[in-house]
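The primary structure of each chain is shown beneath.
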Amino acid sequence: MTTRPTWLIVIDPQRIFADPSSDWASPFFPAAMERIRSLAAHVGPERTLVTRWLPTADRSTAWGDYFAAWPFADVPADDPLYELVDEARGLSAHPSIDEPTFGKWGAQLAAAVGPDAHLLLAGVSTDCCVITTALAAADAGMRATVVRDACAASTAENGQAALHVMGLFGPQIALADAAEVIGS
């Protein structure tokens, strides 16, 4: 039996999703971040990757409509809104993987983890960037475990709906709590 390397992917632990004054803040971010830090300590900085969503998409596409709907987020990529939260700094020995898309699975992440990795997915938002990352990774043939209690949703209802949908994609996508992952 082949042992697959496990990688923790911490999706978008940025100020825009953590700061209570942000329109996109998740009320579940502080609790999720505590569990993310425990998972990162368990996996180690060499096997932890942190992603950031940056507002660099082409505004002539539907992203233009998106930013028109959310003008507070239509600021330069180096705006403090897009910085990692302090608690996320130092989780990874690697530079952040920055993408202008909701889903973070793509060439950068695939190259970083390799073809046989097992992904532990955590971060924000369960009902946006986590679900789109999980589904794209599953489509690419990756095995992923979404760490339910290390994800922060926009609302409890939206989080449960996203987890339900991701749970339909077994065996490519599994769901577990941080304690289960750390204890296994």
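Residues numbered from 1 in each chain as written. Predicted model: local features only at pLDDT ≥ 70, side-chain atom pairs only at ≥ 80, totals over all residues. Heavy atoms only, no water.

A tally of regular secondary structure across the protein gives 7 helices and 6 strands. The secondary structure elements of the protein, listed N-terminal to C-terminal, are β-α-α-β-α-β-α-β-α-β-α-β-α. Radius of gyration (C-alpha) of the protein: 15 Å, near the 16 Å computed for a compact globule of 184 residues. Relative to its 184 residues, the protein shows a buried fraction of 45%. Taking contacts inside the protein between residues at least 6 apart in sequence as the whole, the part at least 24 apart equals 81%. Approximately 8700 Å² of the protein is accessible, and the part contributed by carbon and sulfur atoms is 56%. Between the centroid of the 11 positive side chains of the protein and the centroid of its 22 negative side chains there is a distance of 7 Å. (Helix = DSSP H or I, 4+ residues; strand = E, 2+ residues; numbered from the N terminus. Rg over C-alpha atoms; globule rule 2.2 N^0.38 Å. Buried < 20%, exposed > 50% of the residue type's maximum accessible area, 1.4 Å probe, protein only. Contact = heavy atoms within 4.5 Å. Areas by Shrake-Rupley, 256 points an atom, 1.4 Å probe, with all protein chains shown as cover. Lys, Arg positive; Asp, Glu negative; His and termini not counted. Charge placed at Lys NZ, Arg CZ, Asp CG, Glu CD.)

Further remarks concern helix α2 (residues 29–43). The periodicity of an α-helix, 3.6 residues per turn, causes residues three or four places apart in sequence to face the same way. For α2, spanning 15 residues, the distance from its first C-alpha to its last is 20 Å, which sits close to the expected 21 Å at 1.5 Å a residue. Every buried residue of α2 is accounted for by Phe29, Ala32, Met33, Ile36, Leu39, Ala40 and Val43. In a view along the axis of α2, the buried residues occupy a sector of 120°, so they form one face of it. Exposed positions of α2 whose direction lies more than 90 degrees from the buried face are Pro30, Glu34 and Ala41. Looking at the buried residues of α2, the elements they touch are β1 (6–11), α1 (15–18), β2 (48–53), β4 (118–124), β5 (143–152) and α7 (178–183). After α2 finishes, the residue Gly44 shows a positive phi value of roughly 100°. (Expected span 1.5 Å × (residues − 1). Arc of directions from axis to C-beta.)

Let's shift gears to the packing of helix α5 (residues 126–139) against helix α6 (residues 156–167). As a packed pair, α5 and α6 sit with axes 9 Å apart at the nearest point and diverge in direction by 10°. In terms of orientation, α5 and α6 fall into the roughly parallel class. Across the interface between the two elements, Thr126, Asp127, Val130, Ile131 and Ala134 from α5 touch Asn158, Gly159, Ala162, Leu163, Val165 and Met166 from α6. Classifying every residue of the contact of α5 with α6 gives 7 nonpolar, 3 polar and 1 charged. (Axes fitted to C-alpha atoms, helices over the stretch in contact; angles between N-to-C directions. Parallel < 35°, antiparallel > 145°, perpendicular 65-115°, else oblique. Nonpolar A, V, L, I, M, F, W, Y, C, P; charged D, E, K, R; others polar.)

Those residues of helix α3 (residues 62–69) not exposed but buried are Trp63, Gly64 and Phe67. Viewed end-on, α3 has its buried residues packed into an arc of 105°, placing them on one side of the element. Exposed residues lying more than 90 degrees from the buried face of α3 are Ala62, Asp65, Ala68 and Ala69. Among the structural elements, β2 are those in contact with the buried residues of α3.

Within the fold, Asp12 resides in the loop between β1 and α1. When residues no more than four places from it in sequence are discounted, the contact partners of Asp12 are Phe17, Thr51, Arg52, Trp53, Lys104, Val124 and Cys129.

Of all the 6 residues making up β1, 5 are buried; the element is thus mostly covered by neighbouring parts of the structure. Inspection of the sheet shows β1 paired to β4 by 6 bridges, in the parallel sense. Bridging across to β4, Ile11 finds its partner in Gly123. Sheet topology places β1 next to β2; 3 bridges connect them, and they run parallel. Counted as the bridge partner of Leu8 is Thr48 from β2. (Pairing = 2+ DSSP bridges.)

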